[in-house]
Amino acid sequence: MPDENKLAKSKKRKQAVAFGIFRILTYSIVAILFIILSFIIYKGISVINWNFITQMPTEGMTKGGIFPAIVGTLCLVAGSMIFAFPVGVLAAIYMNEYVKDGIIKKIIKQMTNNLAGIPSIVFGLFGMSLFVNKLHFGDSILAGSLTLGLLALPVVIRTTEESLKAVDNTFRHASLGLGATKWETTRRVVLPIAFPNIITGLILSIGRVSGETAPILFTVAAYFLPKLPTSIFDQAMALPYHLYVLSTSGTDIEATRPIAYGTALVLIIIVLIANLLANGLRKYFGKKVKMN
Amino acid sequence: MNKIESKDVNFFYGASQALKNINIAIKPNTVTALIGPSGCGKSTYLRLFNRMNDLIDNTKINGQVLIDGDDIYAKGVNVDSLRKKVGMVFQKPNPFPKTIFENVAYGLRVNGISDKKLIEERVETSIKQVVLWDEVKDKLKKSAFELSGGQQQRLCIARALAIQPSILLMDEPTSALDPISTAKVEELIYELKTKYTIVIVTHNMQQAGRVSDTTAFFYMGELIEHDNTKTIFTNPKIERTQNYITGRFG
């Protein structure tokens, strides 16, 4: 028999070491995020002012604002969501509520997972050959939005599926037991319960879409276009691509450095606002579900 | 005529047989208790009557289940209409995340009733039937989740009654309830049988004894004995039934 006291102490010590390591790692993640954010803010805050976010770029992009890039990114986010959200949500409903377990479901699942694994530059290439060339949309907001929408699809499908799975089966059974069809059950019971979580899918994909550069590279992004788009067939500037341009191929890279950081800061703020907004929506609808 | 009748019913989950040659006849306006140890097939059998087992993939049934003389597993049977006729109450209270009113109105709405007055009438009648009216009449617009477990279960019974079924299936309806709520539900079952044919699965021997007219004892997917509850509890013909009732195994 080992000494009881000694054993207890050594067990405690092992636990302390294990959780100590976990704690350090967890806090370092937070620290890294904090460092990135403060770095961007520190470098970019000096250029942020009202003109910066409302003016066109001037003097070879070394002066002026980034207004068209902001508008472009907002258009692309909205456009891609208009495409990806309904398609993704409906596909997820079909997969989770209708398809029986079996080979077909497995194949569909594997395919959507594979879609998530395709590098974004490949999406860009595909978008260019299909939307820009084959369908003659040209370099346009429409082509860029569709390409970004494809990229966002797996995220929307996955999170919608998870939200539907989280709906307790007893609700479905209760509804079906009252003579409701599967569709009525889905529409009247399952979707209202899952909705707040489905919104989360939207948040995640907005974050993903607004920061993507590769898919818009050949489908919509303009190097320098000091005017706002007037239709979905126009080219547009976009924040991530503008950032890339300013950092690699601007007319005077050193002079534009602060503008690049300012652009990054604006991009981060947009994603942050989207997240906050969606979180608010989720809470709002979460409350509503319980009431109705 | 028998309300429910099953003839040589066999049921399979994939390759494993859950029910073996079950023959039962249930008379209208009676309460039938299905008892037996866990995994004996009694809940599976109950769910055959409203085809709830259809929701599980890879199941197979053969034999006949007749309700009012019609085979409910025949080709062309509309399952949604069947479930309108055969209501179900589940093990755990499962009200929808809707208001108390909307919970009861739900079955009416999905069955195509949109007349506001008729819906209000039926909701009130149904809630009164389960003796819950006085407790909830002032908070019909409140969430059903604000009710206690026992109240929720009675609301679920009201929800099932609102679409005027003729059969009520109850799958261990009191297993999640405290003794007082259980007593209320049992009292209710006793009153409801004047209007409905009730089949109840229960783990609680005393409950079967208190509420049912006939009792069916299941063991390992077989129906061992089905008789008047009194006979089953006092003078069963088969020894295994006797052993289970007296708690010698189970």
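Residues numbered from 1 in each chain as written. Chains lettered and ligands numbered in written order. Predicted model: local features only at pLDDT ≥ 70, side-chain atom pairs only at ≥ 80, totals over all residues.

### Comments concerning the domain arrangement of chain A
All names here are of chain A. The domains assigned to chain A are domain 1 (4-47) and domain 2 (50-291). Between the C-alpha centres of domain 1 and domain 2 there is a distance of 32 Å. Taken together, the seven residues of domain 1 in the interface contact eight residues of domain 2. Across the side of domain 1 that touches domain 2, the residue classes break down as four nonpolar, two polar and one charged. (Domains from an automatic or database assignment. Contact = placed C-beta atoms within 7 Å. Nonpolar A, V, L, I, M, F, W, Y, C, P; charged D, E, K, R; others polar.)

### Here we look at the environment of A:Pro215
Residue and element names in this part refer to chain A. In this fold, Pro-215 is placed in helix α9 (residues 214-217). For the pair Pro-215 and Ser-120, spaced 95 residues apart in the sequence, the C-alpha separation amounts to 5.9 Å. When neighbours within four sequence positions are excluded, Pro-215 is seen to be in contact with Ser-120, Phe-123, Gly-124, Gly-127, Thr-147, Leu-148 and Leu-151. (Helix = DSSP H or I, 4+ residues; strand = E, 2+ residues; numbered from the N terminus.)

### A look at the interface of chain B and chain A
Chain B puts 25 residues into the contact, and the matching count from chain A is 20 residues. When residues of the side of chain B that touches chain A are traced back to their parent elements, those giving at least two are α2 (79-85) and α3 (100-110) of chain B. Among the residues forming the side of chain B that touches chain A, the class breakdown is 10 nonpolar, seven polar and eight charged.

### Here we look at the pairing of strand β1 (residues 4-13) of chain B
Residue and element names in this part refer to chain B. In this structure, β1 lies alongside strand β2 (residues 16-26), joined through seven bridges in antiparallel fashion. Note that in β2 the partner of Val-9 across the bridge is Ile-22. Here β1 folds back onto β2, and the loop between the two strands holds two residues, one of which, Gly-14, carries a positive phi near 60 degrees. (Pairing = 2+ DSSP bridges.)

### Things to note about the nonpolar core
Judged by nonpolar contacts, the single largest core of 139 residues is most densely connected at A:Ala238, B:Leu34, B:Phe49, B:Ala158, B:Leu169, B:Ile200 and B:Phe218. The dominant element in this core, judged by the number of residues it contributes, is helix α6 (residues 141-165) of chain A, at 13 residues. The contact partners of B:Leu34, leaving out residues within four places of it in the chain, are B:Lys42, B:Tyr45, B:Leu46, B:Val199, B:Val201, B:Ala216 and B:Phe218. (Core = buried A, V, L, I, M, F, W, Y, C linked by C-beta atoms within 7 Å. Buried ≥ 20, exposed ≤ 12 C-beta atoms within 10 Å, placed from the backbone.)

### Quick notes on the confidence of the model for chain B
All names here are of chain B. Overall, the predicted model of chain B reaches an average pLDDT of 92, with 99% of residues at or above 70. At the low end of the mean pLDDT range in chain B sits helix α10 (residues 239-245), at 87; at the high end sits strand β8 (residues 197-201), at 96. Reported confidences for the modelled complex are a pTM of 0.82 and an ipTM of 0.89. (pLDDT = per-residue confidence, 0-100.)

### Section: the environment of B:Leu177
Residue and element names in this part refer to chain B. Within the secondary structure layout, Leu-177 lies in the loop between β7 (167-171) and α7 (179-192). Remark: the alpha-carbon pair of Leu-177 and Pro-93, spanning 84 residues in sequence, is separated by 9.0 Å. Discounting residues that sit within four places of it in the chain, Leu-177 has contacts with Gly-149, Gly-150, Gln-153, Thr-182 and Val-185.

### Description of the pairing of strand β3 (residues 31-35) of chain B
Residues and elements named next belong to chain B. Summarising burial for β3: five of the five residues are buried, a large majority. Side chains Val-31, Ala-33 and Ile-35 of β3 all project onto a buried face; the interleaved residues Thr-32 and Leu-34 project onto the opposite face, where all are buried too. Across four bridges, β3 lies against β8 in parallel orientation. Residue pairing for β8: Thr-32 is matched across the bridge by Val-199.

### Examining the packing of α3(B) against helix α4 (residues 116-129) of chain B
All names here are of chain B. In contact at an axis separation of 9 Å, α3 and α4 are set at 115 degrees when each is read in the N-to-C sense. Comparing the axis directions of α3 and α4 gives the class roughly perpendicular. Crossing of α3 against α4: the hand is right-handed. Residues Phe-101, Val-104, Ala-105 and Leu-108 of α3 form the contact with α4, whose participating residues are Ile-119, Arg-122, Val-123, Ser-126 and Ile-127. Of the residues assigned to the contact of α3 with α4, the class counts are seven nonpolar, one polar and one charged. (Axes fitted to C-alpha atoms, helices over the stretch in contact; angles between N-to-C directions. Parallel < 35°, antiparallel > 145°, perpendicular 65-115°, else oblique. Left-handed = near helix turned anticlockwise from the far one by under 90°.)

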